[in-house]
Structure formats: C-alpha cells, structure tokens
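These are the residues of each chain, in order.
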Amino acid sequence: MITNLLVANRGEIARRVFRTCRELGIATTAVHSDPDAGAPHVREADAAVRLPGAAPADTYLRADLLVRAALAAGADAVHPGYGFLSEDAGFARAVLDAGLVWVGPPPAAIAAMGSKTAAKRLMAEAGVPVLDALADPVEADLPLLVKAAAGGGGRGMRVVRSLAELPGELAAARAEAAGAFGSDEVFCEPYLPDGRHVEVQLLADAHGTVWAVGDRDCSVQRRHQKVIEEAPAPGLPAGVRAELHTAAVRAARAIGYVGAGTAEFLLAEDGRFFFLEMNTRLQVEHPVTEAVTGLDLVALQLAVAEGEPLPGPTPPPTTGHAIEARLYAEDPARDWQPATGTLHRLELTLPHQEFTGTGTGTGLRLDSGVEAGSEITPHYDAMLAKVIVRAPTRTAAARRLADALARARVHGPATNRDLLVRALRHPAFLAAELHTGFLARHAAELTAPDTEGADRAALAAALADAAGRRGALPTGWRNLPSQPQLKRYRAEDGTAYEVRYRLTRTGLLAEDHPDVELVEAEPDRVVLREDGLRRTYRVARYGDRVHVDTPAGGTALTALPRFPEPVVRTDPGALLAPMPGTVARVLAAVGDTVTAGRPLLVLEAMKMEHRVAAPADGTLVELRAAPGRQVETGALLAVVRPAEA
C-alpha cells in the first residue's frame, strides 16, 4: 500500500497528482529546482526536497537526485508525471532498485517504446499498421517528416518539402535530438499534411486486463506540439474507431504493458491509420478522457501500481464531449515566441457548474501549475494552464470553452488566448475539419490583430487613468484646460495608439471617437456607449502595463511617455535576442557571406528552439554567441554588414 508518494516533476502535473493523493489519503512529497522554490506545487505538498540548480539537466533530469529525495523524505513510491524522466527506463529501474514503487509501466515496456524506429518494427510484427521509415528518400516521397528516434513533444522534428533541404534539416534535427534526448538518431517518414492525430488512452493491470479507454483527437498543433485536444475524436466511423482501439490494445499486449499509456496514430483522409508512437506515461490531455468517462486516471495508476486489478473487464462508456485548450505564454503572431515575466492574474469565471477532474457533470476545469504572482521563466515549458470544458455535445463544449477563455483575465506575459478563442469558433473547427496543419492553414485569420478592439481599449485605459488621478469621473465632469488630454499606448503587435480627449459639461469629447459617449469611469472600470451599444471595460495596471478586459476578450497595452524619448540607434544589421534563452547552436562563422533568412544560430527557450536568421544579404562581421551561453532579451548576438547595392 502506498502511503507517501513523491512526484518527480513540477507544476501542473505535480498538483494534479497531489489532488488525487489528498482524496485517497496518501501523503505527498514534492521536488523543486531553485526557481521553483515558491511554486504552488511545492506549497501544496506535505514535504518538499530541493534540487539545487535551475536548468532541468541539473535538477528534474537527475535520476540520482530524485531517488535520493524520495528516500530522504520517507516516500515509498514515485510518480514521474509527464516529460522529464517519465519515459526513461533507467529512471524506472533506479526507483525499483531502491525498493520504491514505480507508478508506471515496467522498465522493459518503456525501453521497448523508447526508440521510435525500434517501436515501429515491434508494432509491425504485432500486426499494428505503421508508416515505413524511408532510408533513402526520393522526390516522389516528398513531403517528408524528419523525426528524432528517441524524441517526443515535437522536438527534433522537421518538415522537408524539397530534397535540397534534407541535409540541413537532418543535421538540425540530429543536433536538437542529441541535446534534448541524448541520442542523435533520426529517421524520415512520409508526411501527411492533412492527416489527423488520433490517440487511444490505455490502462492495463498486472492481471491481464487491458482497457482502451476511449480516444482523443489532438490534431490542432503548433510546431508538432498539441494545443487543443478533445474526446471523443469527432467524426470517426464506428468501424475505424473499433479498429483503432483494437490496434492500441494489441500494441499494449505486445510489450507486456501495465499502467496508463497512450497509443498515438496518424489517421489519413481515406480512413487508414498508422502507429506513430506509444507514450508510456500519463498524457497532458488526460483530463478530457476523465471528463467523458468519470474515471480518475491517476487513482487508477496508483491502484494498478499497488497490484490491484482494474474494476471490470471493460472500461465505462464515454458520454458527452470534452475539449481542452492549452494556454501558453507565447505570441503566435511572432512565430510562437515564448514570453517571460510575472503572471499578475489568472482568473477564469465559472458561469457553469464546475467539475474538478472526475465525474461527468457539465462544467469547466482549470489545471495549472502557476497562480497570480508566479514568475514565468525561460527554464521550463511555456504552458500556463489547461482549460477543460465538458458538455453534452461538441458544439456546446466548443462554445463554452471559447466563452470561458474570452472572459478570462490573464495579465502578464503575452499568451495564445486569442488564438485559442478564434480557433474554437472557427467554422472549420466547428465542422470538425481537423488535421495537423490546421493552425498553419488558418494562421492569418487566427493571429490577425484586433485593431478596433485595441483602439477602444486604449480609450478606456486613458479614461481609467484619468479617474485614478482625479477620482470617479461623472459624465458632466469638466476639464478646465482648453487643450485635450493626451495618452499614448502600444499594443502587443507594436501598433501605437494616441488618445486625445476632453471631459466637458456635455460629456466625453474624444477627437478620434466622436460617437463614443462616456457613461461612467472609475480607476478599474469604464463604461462607454457607441451607437446605442453599451460596453464595460475592466482595467488593471501593473507599472506601465495596462490590461483591459471585456466579455469578448482582453487587450494588453504598454503606456508610453507623452513625449517619446530619443530612440537609441542600433546597427541596422544587428541581431538582438528576441527572448531570454540559451544559445543551442551556432550555424555560421565570422567572415561568412550570408543571405537574408539564413539561420545563423539557434536559441532554446521554454523547451522550444528558435532560429535567428540573417536580416539581409551580407557578411557576418561580429558574433557574440557561443553554445551554452545564456542571453537576455535584447542582447546583441551578431552583426551582419549588408551587401553593397
């Protein structure tokens, strides 16, 4: 019987496991790096053990430190969560060798699925359909997908659309795979741009029972990483669904699987499907399966680890529909650039009945590893929270999730919130026209700036600022100076907004908004009426940052000085770090002749790689980047001297 569980992980998944432990009466132990010392998962655990350092390689990826922490805390079991060492057979063996219970599959099963190439061979032998690896691709094989054999989470993956690109992309994939997984083995397979990513949740006990606990669609992805997931996968013919479940169970039996896991498949337009990989752990998107089955997958993991049989020969049926959206600290309009800084507020209204993780009620669930005041650093994944909604139908779930996200007050770093709302309301999504290229295909619509909304938000911010300096502004308040008040703001897309207004006996006179009436203004709330339509704006300030929220969405603005300061000029060929991170690779040398768009170096931040490219044709005359160097936003990385016209 497990009495004290250490979660060898952090953030959202650690809190998720702790929640079930509290319900079961199991004591909990957390581990934390130095940046995570004050994190919510640390405070919520009964005990916590420090892992000295900040980088994952020095902390959450140190199997020896994690086993030592479990023994020091008196834990008798270890749950790996997801990511980090959750699919490391060596870590599983180390836990078992220390006399602890491993809440996961047998090390041999983990090892069998550890290499995608070896797993494909094993699955093919078991009769599970696979996409054949291409040893020597030719033109007819294009497009290709280069994948890391030991990888996951989209790392080490590259889409190749011409054979000329292949050598460079293979080299880049090998380098990324070696740094992320300790193995530079990569392979090529056919890329199906309109394929769907469909997976089957598995649960197996040590007594021979294997459950296929429904399926999920995870096709809405960016950079091969999931953004929106749902259960059940919509639009699957009954026969295809049954075949997927049968193939998943066959895959689990082929490797003697025990515990929770997921078989992932690529579903072609013609209904054929192919095994991609098996995740030998709990998935990030497991809440949607819990929502439609009423199961607590973590509780079942623990029961299986204790040797208990699954409660019956077959899983419960699914009812209703659930959709999960991953809220990331990143800017989709800037090539998904991750964002750091203080998260001042993360607040979702709950207009519907809330469910906390199990049960089949209609409602909203928030799984998050952060809270107001948390510092978002470049050390870890950019995910702030998972927002999950369950409803009787898919349409209702999409509507309610979009509404909850639109009404959310998320103050701090840039997020993908607006993209999620637009994706959930997009006609193609609502029609279940899903494929792994969904976000790329609809990028222009999903990331276009809302200039009209930002314009009104700037006006509301200016009036709230005036109210904060003078008290609540009645509609007949008179501004004595004859000159209009001037406030300047910059939106996250870089657009500047100037607000000029007067408050007179007859009300608001805004030079650029002659039809806007002021109903009321307070420091944190402004009500405007335009063409008979009344809107309420909620305003919050954090230094020079202003967040303006409405039921339709939020706008982040930066207050600018009334008289702009002189601009500091930089060399037109200077390349500045767009984010804090670590230099992963340098791809050019001083003296090289480069062309516009050629990658010069690669930055790694928040578990993602970002290429920094030459801004123009020219010569690389200065290079201040070296592999392993930590850089801050705005740091000079390189200088390209433009070629003479």
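Whatever comes next refers back to the structure up there.
The sections below set out a description of the structure shown in this document. The model shown is predicted, which means the values in this text are computed figures rather than measured ones. (Residues numbered from 1 in each chain as written. Predicted model: local features only at pLDDT ≥ 70, side-chain atom pairs only at ≥ 80, totals over all residues. Heavy atoms only, no water.)

Turning to helix H6 (residues 116–125), a few remarks are in order. Within H6, burial applies to Lys116, Thr117, Ala119, Lys120 and Met123. Axial view of H6: buried residues confined to an arc of 160 degrees, hence all on one face. The outward face of H6, more than 90 degrees from its buried face, is lined by the exposed residues Arg121 and Glu125. After H6 finishes, the residue Gly127 shows a positive phi value of roughly 85 degrees. (Buried < 20%, exposed > 50% of the residue type's maximum accessible area, 1.4 Å probe, protein only. Helix = DSSP H or I, 4+ residues; strand = E, 2+ residues; numbered from the N terminus. Arc of directions from axis to C-beta.)

Along the polypeptide, Arg158 turns up in strand S7 (residues 158–160). The exposure class of Arg158 is buried, given its relative accessible area of 12%. A polar atom in the side chain of Arg158 sits 2.7 Å from the side chain of Glu176. If sequence neighbours within four positions are ignored, Arg158 has contacts with Leu144, Leu145, Val146, Glu169, Ala172, Ala173, Glu176, Arg585, Glu609 and Arg611. (Polar contact = N/O pair within 3.5 Å; in protein donor to acceptor, adjacent residues only side chain to side chain. Contact = heavy atoms within 4.5 Å.)

Strand order in the open sheet made by the three strands is S7-S6-S8, with antiparallel pairing throughout. Each edge of the open sheet is held by one strand with a lone partner, namely S7 and strand S8 (186–190). Averaged over all neighbouring strand pairs, the angle between strand axes comes to 30 degrees, with direction disregarded. Relative to the sheet, H6 contacts strand S6 (144–148) and S8, its axis offset from that of S8 by approximately 50 degrees. (Pairing = 2+ DSSP bridges. Axes fitted to C-alpha atoms, helices over the stretch in contact; angles between N-to-C directions.)

Next up on the list: the sheet that holds strand S33 (residues 593–594). Taken together, the four strands give an open sheet; going across it, the order is S31-S38-S36-S33, and neighbouring strands pair in antiparallel fashion. In the strand order of this sheet, the two ends are held by strand S31 (574–576) and S33, each with one partner. Relative to strand S36 (residues 618–623), S33 runs antiparallel, the two being bridged by two bridges. Bridge pairing in S36 places Thr593 opposite Thr619.

Here we take up the pattern of salt bridges. Scanning all chains against the criterion turns up 51 salt bridges. Across the pair Arg611 and Glu169 runs a salt bridge whose closest N-O atoms are separated by 2.9 Å. With Arg611 in strand S35 (residues 608–613) and Glu169 in helix H7 (residues 166–181), this residue pair connects regions lying 442 residues apart in the sequence. Arg409 is the salt-bridge partner of Asp549, the closest N and O atoms lying 2.8 Å from each other. Taken together, the positions of Asp549 in strand S29 (residues 545–550) and Arg409 in strand S22 (residues 409–411) put the pair 140 residues apart, joining distant regions of the chain. Comparing Asp549 with Arg409 shows no difference in burial state: the two are buried. One network of salt bridges, with partners in common, ties together Glu199, Arg216, Lys226, Glu229, Glu264, Glu285 and Arg326. (Salt bridge = Lys/Arg side-chain N within 4 Å of Asp/Glu carboxyl O.)

Moving on to the environment of Ala177. Here Ala177 lies in helix H7. Placed 199 residues apart in sequence, Ala177 and Ile376 show a C-alpha to C-alpha distance of 25 Å. If near-sequence neighbours (up to four positions away) are discounted, Ala177 is found in contact with Ala148, Gly182, Ser183, Asp184 and Val186.

What follows concerns the packing of aromatic side chains. Counted by the stated rule, this structure contains six aromatic pairs. On the basis of an interplanar angle of 25 degrees and a centroid distance of 5.1 Å, the ring pair of Tyr60 and Phe84 is categorised as stacked. Taken together, the positions of Tyr60 in the loop between strand S3 (47–50) and helix H3 (63–73) and Phe84 in the loop between strand S4 (77–79) and helix H4 (89–97) put the pair 24 residues apart, joining distant regions of the chain. On the accessibility criterion, Tyr60 (0% relative accessible area) is buried. Pairing Phe265 with Phe273 gives two aromatic rings, centres 5.5 Å apart and planes at 85 degrees, and the pair type is edge-to-face. Of the two residues, Phe265 and Phe273, neither departs from the other in class, the shared state being buried. Put simply, the rings of Tyr60, Phe84 and Tyr380 touch in pairs and so form one group of aromatic residues. Above the plane of the ring of Tyr328 lies Arg222, whose end atom (NZ or CZ) is 4.2 Å from the centre. Here Arg394 stacks its cationic end above the ring of Phe429, 4.5 Å away from the centre of that ring. (Phe/Tyr/Trp six-rings, centres within 6.5 Å; stacked < 30°, edge-to-face > 60°. Lys NZ or Arg CZ within 6 Å of the ring centre and 35° of its normal.)

At a minimum axis separation of 9 Å, helix H1 (residues 11–24) and helix H10 (residues 297–305) run at an interaxial angle of 70 degrees. Between H1 and H10, the interaxial angle falls into the category roughly perpendicular. The way H1 lies across H10 gives a crossing that is right-handed. For the pair formed by H1 and H10, the contact residues are Arg16, Val17, Thr20, Cys21 and Leu24 on the first element and Leu297, Val298, Ala299 and Leu302 on the second. Taken together, the residues of the contact of H1 with H10 sort by class into seven nonpolar, one polar and one charged. (Parallel < 35°, antiparallel > 145°, perpendicular 65-115°, else oblique. Left-handed = near helix turned anticlockwise from the far one by under 90°. Nonpolar A, V, L, I, M, F, W, Y, C, P; charged D, E, K, R; others polar.)

Let us look at the nonpolar core. Counting residues in hydrophobic clusters, the biggest one holds 73 residues, and the most contacted among them are Leu5, Ile228 and Phe429. Among the elements that take part in this core, helix H11 (residues 394–407) stands out by supplying eight residues, more than any other. Among all residues touching Phe429, those that are not within four sequence positions of it are Val220, Ile228, Glu230, Ile323, Arg394, Ala398, Ala423, Leu424, Leu434 and Phe438. (Core = buried A, V, L, I, M, F, W, Y, C linked by side-chain atoms within 4.5 Å.)

The next subject is the pairing of strand S13 (residues 273–279). Extensive coverage of S13 is indicated by the burial of seven of its seven residues. Of the strand pairs in this sheet, strand S12 (residues 259–267) and S13 are connected by six bridges, and their pairing is antiparallel. Across the sheet, residue Phe265 finds its bridge partner in S13, namely Phe275. The hairpin formed by S12 and S13 contains five residues between the paired strands, and Gly271 there has a positive phi angle of roughly 95 degrees.

Between Leu142 and Pro143 the backbone carries a cis peptide bond, its omega angle lying at -5 degrees. Mapped onto the fold, Pro143 is located in the loop between H6 and S6. Residue Pro232 follows Ala231 across a cis peptide bond; omega there is -10 degrees. Along the polypeptide, Pro232 turns up in the loop between strand S11 (225–231) and helix H8 (238–254). Although it is not a glycine, Trp336 adopts a positive phi angle of roughly 60 degrees. Secondary-structure assignment places Trp336 in the loop between strand S15 (330–331) and strand S16 (337–338). Judged by its relative accessible area of 13%, Trp336 is buried. Backbone geometry at Asp531 places phi at a positive 55 degrees, although glycine is not the residue there. When you line up the elements, Asp531 lands in the loop between strand S27 (525–530) and strand S28 (533–542).

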